[in-house]
2 protein chains.
Amino acid sequence: MVDLVDIEGAAGRLSGIAVETPLLRNAELDQSAGGRVLLKPESFQPIGSFKIRGAYNLLSQLSAEAARHGAVAWSSGNHAQGVALAGKLLGIKTTIVMPEDAPQAKLNNTRRLGGEIITYDRYTEDREAIARRIAAERGAAIVPSYDHPHIIAGQGTVGLEIAKQSQALGLPVEQVLIPCGGGGLTSGCTVALKACLENVSVFTVEPEHYDDTAKSLESGQRVSVSQTTPSICDALLAESPGKLTFEIMHRLGVRGLVVTEEEIRNAIRFAFRHLKLVVEPGGAAALAAILAGKLDTKDKTTAVVLSGGNIDVELFAEIQAELT
Amino acid sequence: MVDLVDIEGAAGRLSGIAVETPLLRNAELDQSAGGRVLLKPESFQPIGSFKIRGAYNLLSQLSAEAARHGAVAWSSGNHAQGVALAGKLLGIKTTIVMPEDAPQAKLNNTRRLGGEIITYDRYTEDREAIARRIAAERGAAIVPSYDHPHIIAGQGTVGLEIAKQSQALGLPVEQVLIPCGGGGLTSGCTVALKACLENVSVFTVEPEHYDDTAKSLESGQRVSVSQTTPSICDALLAESPGKLTFEIMHRLGVRGLVVTEEEIRNAIRFAFRHLKLVVEPGGAAALAAILAGKLDTKDKTTAVVLSGGNIDVELFAEIQAELT
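Here is what the cut-offs are and how they apply
- Residues numbered from 1 in each chain as written.
- Chains lettered and ligands numbered in written order.
- Predicted model: local features only at pLDDT ≥ 70, side-chain atom pairs only at ≥ 80, totals over all residues.
- Heavy atoms only, no water.
- Helix = DSSP H or I, 4+ residues; strand = E, 2+ residues; numbered from the N terminus.
- Buried < 20%, exposed > 50% of the residue type's maximum accessible area, 1.4 Å probe, protein only.
- Contact = heavy atoms within 4.5 Å.
- Areas by Shrake-Rupley, 256 points an atom, 1.4 Å probe, with all protein chains shown as cover.
- Lys, Arg positive; Asp, Glu negative; His and termini not counted.
- Charge placed at Lys NZ, Arg CZ, Asp CG, Glu CD.
- Phe/Tyr/Trp six-rings, centres within 6.5 Å; stacked < 30°, edge-to-face > 60°.
- Buried area = accessible area lost by both parts, 1.4 Å probe.
- Salt bridge = Lys/Arg side-chain N within 4 Å of Asp/Glu carboxyl O.
- Polar contact = N/O pair within 3.5 Å; in protein donor to acceptor, adjacent residues only side chain to side chain.
- Expected span 1.5 Å × (residues − 1).
- Domains from an automatic or database assignment.
- Nonpolar A, V, L, I, M, F, W, Y, C, P; charged D, E, K, R; others polar.
- Least-squares fit on C-alpha atoms with pLDDT ≥ 70 in both.
- Core = buried A, V, L, I, M, F, W, Y, C linked by side-chain atoms within 4.5 Å.

Trainee: Describe the overall build of chain A, listing the residues and the values that go with them.
Mentor: The number of helices and strands found in chain A is 14 helices and nine strands. Oriented by its inertia axes, the alpha-carbon framework of chain A measures out at about 55 × 45 × 40 Å. Looking at chain A as a whole, 60% of its 324 residues are labelled buried. Expressed as a percentage of contacts within chain A between residues at least 6 apart in sequence, the contacts between residues at least 24 apart total 73%. Carbon and sulfur atoms form 49% of the exposed surface of chain A, whose accessible area is close to 11900 Å². Separation between the mean location of the 31 positive side-chain charges and that of the 38 negative ones in chain A comes to 4 Å.

Pasting the structure below:
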């Protein structure tokens, strides 16, 4: 399992590697929420998302012998960049299996960071099987994108920072909203938040049609959802929460919220116009939930994780140009 | 004149009104500069630029009698929004003379904040004369956009924050780059920076063809430049530095840098791709100077003010779509 000590250990390893992102406030957003909203822009990390935290925390704990054989991961893009950067910083060769239709920016950045990319067709091929075959052939370490204690502890440093920073501001958070794919970020953050703060509620936010975590948390058991409807939230398209991540989220009382694609597009526009931030679709899910009034925020202090900012120019321009 | 006490006074008045913007770092930018770059994103202010600082500092010091007659300003947009918001917060009626071709976002936001807008043709009419006539008719106070001690002191709180925050990080800044129109921000910041730090150099950054401040600082006297060439930097198109602002900048040894329009467009792209920040053309001038190598940043700690983020969607999309 993962506890506060693991997360504090990860924070130590990540010092000087991941950015301690600030908590931002915006008058327009406070007004819309009728309360205090603290934004945690993980888009400011070196790779544009929180994923460096977990990837580096895992890779930095490989034995010298294991590291010599390299590491293999699969990812739509943000975990790919996290693994590639962590590998570059630690001198570990990394190979990442990515869908051939992943955002161009994510493919380019992963390559630029020195990651070897192997593409696959997301409709006909099984990325995990491809990655496991490569890992077996090379004796390489697998770097799961969420269901591993070291990944969970690394991502949990986001929650640790939210707890400490909000306390330092004299505004300890009462509720925290986190975009959710497989649940690595949410489970780690929840462990840290519940350990540091007395009364705090945590919510996952998922796009419609990909609400496996919300359904799982509500039913009390892991649910898989079919993925036939397209979504712009490439970072949040897990079929089900992880085994470990679900166990943690369920035990600690996390609840699930769902937003529509249109609500997410609206949040990306709001971030451009009022926050002056570039947020990717998956990274804007929690902000979308606030703006769409999916949760009572009146007179409360709510933290919102903006989990990533890697969006292609074309999609960004298309969303900004839409009338509202 | 303006001294540290005035700026500290302004900081007190602005508490809870302006955001204390963070200092951000980015690995990509540090690498490009070969040193440590600390970004001050004034784009995070409630109106998307630093202008609320000076406007509120001035309006909040009007007598009750003067405030009753309202306030008049002229501005291409950011000062307009600062004056409108300060007026709204203080219950003072504000009227702003704006060019009819000002960015739509700036016109809309000024109106939304309750400012009365009077447009003029920037090629045939004199905005200052229009504003002074209205002020005389109504007995209203004039809120200059830069050449006033209260405006300079208000904008100077940016420099005070840079000094204190960089010291708290253990990275006291050695040089500071500031986008420059009439010099209100630079002169105020320089007073604060020179009072708080032993060895700090300050540089204005202006777009080509609008380098009146660079020319003035170099020649030792106020120079005006003609303005026939178009520029995307609507916020930096002053014809000459102010009387007060020039006197301060000249006395404290500020030097002037100049960047091309293409260098500014490149900086806006860099901010989108790597910093995940939305920056307007004028607000990106200092970042452009760093990226274009206009100054020796190797092994130095350099602060860069991103002075605003109010850019229309169409121009932003056009700049992002350009090949580099």
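Trainee: Can you explain the packing of aromatic side chains? Please cite residues and give values.
Mentor: This structure, assessed with the given rule, holds six aromatic pairs over all chains. Between B:Phe272 and B:Phe316 the ring centres are 5.9 Å apart and the planes differ by 75°, which places this aromatic pair in the edge-to-face class. Of the two residues, B:Phe272 sits in helix H12 (residues 261–275) while B:Phe316 sits in helix H14 (residues 313–321), which places them 44 residues apart along the sequence. Residue B:Phe272 shares its accessibility class with B:Phe316, and that shared class is buried. Linked through ring pairs, A:Phe272, A:Phe316, B:Phe272 and B:Phe316 together constitute an aromatic cluster.

Trainee: Please give an account of the interface of chain B and chain A that cites residues and values.
Mentor: Taken together, the contact between chain B and chain A spans 25 residues of the former and 25 residues of the latter. Carbon and sulfur atoms make up 65% of the surface buried where chain B meets chain A, a total of about 2000 Å² over both sides. Inspection of the chain B/chain A interface yields two salt bridges. Between B:Arg112 and A:Glu28 there is a salt bridge, and its shortest N-O distance comes to 2.9 Å. On inspection of chain B and its partner chain A, the count reaches eight residue pairs in polar contact (both at pLDDT 80 or more). At the level of elements, helix H2 (27–33), H12 and H14 of chain B are the ones that each hand at least two residues to the side of chain B that touches chain A.

Trainee: How would you summarise helix H7 (residues 127–138) of chain B if you had to cite specific residues and measurements?
Mentor: Residues and elements named next belong to chain B. Between the first and last C-alpha of H7 there are 17 Å, a value that for twelve residues agrees with the 16 Å anticipated at 1.5 Å per step. Where H7 is buried, its residues touch strand S2 (71–74), strand S3 (94–99), strand S4 (116–120) and strand S5 (141–142). N-cap assignment for H7: the residue whose side-chain oxygen lies 3.0 Å from the backbone N of Glu 128 is Asp 126.

Trainee: For the domain arrangement of chain A, give the residues involved together with the corresponding values.
Mentor: Residues and elements named next belong to chain A. Split by domain assignment, chain A resolves into domain 1 (4–49 + 150–321) and domain 2 (51–148). Put simply, the middle of domain 1 and the middle of domain 2, counted by C-alpha atoms, are 23 Å apart. Domain 1 puts 37 residues into the contact, and the matching count from domain 2 is 29 residues. With a shortest N-O distance of 2.8 Å, Glu 280 and Lys 106 are connected by a salt bridge. Linking domain 1 with domain 2 are 21 residue pairs in polar contact (both at pLDDT 80 or more), by the criterion used here. Per-element accounting of the side of domain 1 that touches domain 2 gives the leading share, nine residues, to helix H8 (residues 149–168). Residues that form the side of domain 1 that touches domain 2 fall into these classes: 16 nonpolar, 13 polar and eight charged.

Trainee: For the relation of the copies chain B and chain A, give the residues involved together with the corresponding values.
Mentor: Placing chain B over chain A gives an RMSD of 0.0 Å and needs a rotation angle of 180°, together with 0.0 Å of translation along the axis. The two molecules are tied by a two-fold rotation axis, judged by turn and shift. For chain B, the minimum C-alpha distance to the rotation axis belongs to B:Leu277 and amounts to 2.4 Å. The residues that chain B uses at the interface reappear at the interface of chain A in 100% of cases, marking a shared surface.

Trainee: Now, about the pattern of salt bridges: what can you tell me, with residues and values included?
Mentor: Residue and element names in this part refer to chain A. All told, the structure shown has 46 salt bridges over all chains when counted by the stated rule. For the salt bridge of Glu 247 with Arg 251, the shortest nitrogen-to-oxygen distance reads 3.3 Å. You can see Glu 247 and its partner Arg 251 sitting in helix H11 (residues 243–251), four residues apart, about one turn around the helix. Its relative accessible area of 31% is what places Glu 247 among the partly exposed residues. Look at the salt bridges and you will find they share partners, linking Glu 262, Arg 265, Arg 269, Glu 318 and Glu 322 into a network.

Trainee: Give a description of the nonpolar core that names residues and reports values.
Mentor: Among the nonpolar cores identified, the biggest contains 76 residues, and A:Leu277 and B:Leu277 are the most heavily contacted of them. Those residues within four positions of B:Leu277 in sequence are excluded, and the remaining contacts are A:Phe44, A:Lys276, A:Leu277, A:Val278, B:Leu24, B:Phe44, B:Ala271, B:Phe272 and B:Leu306. Listed in part, the 26 residues of the second largest apolar core include A:Ile52, A:Ala67, A:Ala80 and A:Ala86.

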